[in-house]
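In case you want the letters, here they are:
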Amino acid sequence: MVKILFSNVFRKSIMVSAVLVAMVSAASAQSLSERVSDKAGRKVRFGFKIDPGASFLSPQDAGVSRNSGRFYFSYGVLADLFIDDQERYAFSTGLQITHLGSVMQYEAGKGLSEFRDNSAEYDIRLQYIEVPLALKLKTATAKGFDFYGQFGGFVGVPIRAKANVISNMTRFDKQNILRETQPFTAGMLIGAGMEYPITETLTGVVGINYQNNFVDMTRNGKWNDGRITGNHFILRLGVYF
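For the structure given in this document, a descriptive report is provided here. A quick note: this is a predicted structure, and the numbers were derived from the prediction, not measured. (Residues numbered from 1 in each chain as written. Predicted model: local features only at pLDDT ≥ 70, side-chain atom pairs only at ≥ 80, totals over all residues. Heavy atoms only, no water.)

**What to know about the nonpolar core**
Ranked by size, the top nonpolar core spans 21 residues in total, and within it Tyr122, Ile124, Leu126 and Ile177 carry the most contacts. Elements with a contribution of two residues or more to this core: strand 2 (64-82), strand 3 (89-106), strand 4 (120-140), strand 5 (146-167) and strand 9 (228-240). (Core = buried A, V, L, I, M, F, W, Y, C linked by side-chain atoms within 4.5 Å. Buried < 20%, exposed > 50% of the residue type's maximum accessible area, 1.4 Å probe, protein only. Helix = DSSP H or I, 4+ residues; strand = E, 2+ residues; numbered from the N terminus.)

So, in structure tokens, the structure goes:
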């Protein structure tokens, strides 16, 4: 367990560093936003975000249970396409890399074929490229703080999938399970939070999101595990330029 926590902290540090490096190019993103606005007839703004949180895979059938969740982490680009002049209504989208998973317990006869003769524990770690699309509604205050709510969905594809398996008292590390993972995911997202001015051109974002993968995340023909969905509780930290 300690090893897993240290691994999560190290990976999170790498991701945060990558986001900070990417923010150096924010000025060019802002000028692109203005050019797109002129052509489209509506304002577009861009930003960056990091989303730490908790991830839980949820089995729906007997014979499979969740031992524990895993650390959730997502990072990427934000884009708001405003549909009114007051910037109160927007289509909120972007592009993000997401890490999630759980530790799952499979009874004998369930799970991957090479481990199916005995009960086994799977420490599943999944990585996706995702595109969210939500309707965002904001309300302003006299001090420039905006409170928002959003509702929508997301789609994504897995780009990496690994599992550490313990079966028959033997540990099998870093098993590649990408071919055993569904090639497409989709789900619902809902969130709320606050936007606050940092400078004349920089706006901070703090919020809470909930995401639910409603597509089976493992291929049932490969795992014989019924339907596995995901529930993720997320802290949104970001900036708009």
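On we go from here.
**A few points about the pattern of salt bridges**
Tallied over the full model, the rule gives 13 salt bridges. Its salt-bridge partner being Asp146, residue Arg88 comes within 3.4 Å of it at the nearest N-O pair. With a gap of 58 residues between them, Arg88 in the loop between strand 2 and strand 3 and Asp146 in strand 5 connect regions that are remote in the sequence. Arg88 gets classed as partly exposed once you look at its relative accessible area, which sits at 22%. Accessibility expressed as a relative area gives 13% for Asp146, which makes it buried. For Glu195, the salt bridge is made with Lys138, and the minimal N-O distance between the two is 3.3 Å. One end of the pair, Glu195, is in strand 7 (residues 185-197); the other, Lys138, is in strand 4, and 57 residues separate them in sequence. In this pair, the class of Glu195 matches that of Lys138, namely buried. The structure contains a network of salt bridges with shared partners spanning Arg45, Asp80, Arg88, Lys136, Lys138, Asp146 and Glu195. (Salt bridge = Lys/Arg side-chain N within 4 Å of Asp/Glu carboxyl O.)

**A word on the side chain of Gln96**
With respect to the helices, strands and loops of the structure, Gln96 is situated in strand 3. Given a relative accessible area of 2%, Gln96 falls into the buried group. A polar contact of 3.5 Å, which involves the side chain of Gln96, links it to the side chain of Thr98. Those residues in contact with Gln96 that sit more than four places away from it in its chain are Lys49, Tyr72, Ser74, Tyr75, Gly76, Tyr128, Ile129, Glu130, Pro132 and Gln211. (Polar contact = N/O pair within 3.5 Å; in protein donor to acceptor, adjacent residues only side chain to side chain. Contact = heavy atoms within 4.5 Å.)

**Quick word on unusual backbone geometry**
Even without a glycine there, the phi angle at Glu87 is positive, about 60°. Inspection of the secondary structure puts Glu87 in the loop between strand 2 and strand 3.

**Points about the pairing of strand 8 (residues 203-213)**
Two elements, strand 7 and strand 8, share eleven bridges in a ladder whose sense is antiparallel. Each residue of the ladder has a partner; that of Met194, found in strand 8, is Val206. Taken together, strand 7 and the strand that follows it, strand 8, pair antiparallel across an intervening segment of five residues. Relative to strand 9, strand 8 runs antiparallel, the two sharing eleven bridges. Paired with Gly207 across the strands is Arg236, a residue of strand 9. (Pairing = 2+ DSSP bridges.)

**Examining the environment of Val155**
Topologically, Val155 is positioned in strand 5. Taking the C-alpha atoms as reference, Val155 lies 5.5 Å from Val131; in sequence the two are 24 residues apart. Apart from residues lying up to four places away in sequence, Val155 is in contact with Ile129, Glu130, Val131, Phe184, Thr185 and Ala186.

**What about the packing of aromatic side chains?**
For the structure on display, the rule yields ten aromatic pairs. Plain terms: the ring middles of Phe48 and Phe241 are 5.9 Å apart, the flat faces sit at 75° to each other, and that makes the pair edge-to-face. Of the two residues, Phe48 is situated in strand 1 (residues 44-59) and Phe241 in the segment after strand 9; the sequence distance between them amounts to 193 residues. Given a relative accessible area of 13%, Phe48 falls into the buried group. Overall, the relative accessible area of 18% leaves Phe241 in the buried class. For the pair Phe115 and Phe172, a centre-to-centre distance of 5.0 Å together with 50° between the ring planes defines the contact as tilted. Taken together, the residues Phe115 in the loop between strand 3 and strand 4 and Phe172 in strand 6 (residues 170-176) connect sequence positions 57 residues apart. On the basis of relative accessible area, Phe115 is assigned to the buried category, the value being 5%. (Phe/Tyr/Trp six-rings, centres within 6.5 Å; stacked < 30°, edge-to-face > 60°.)

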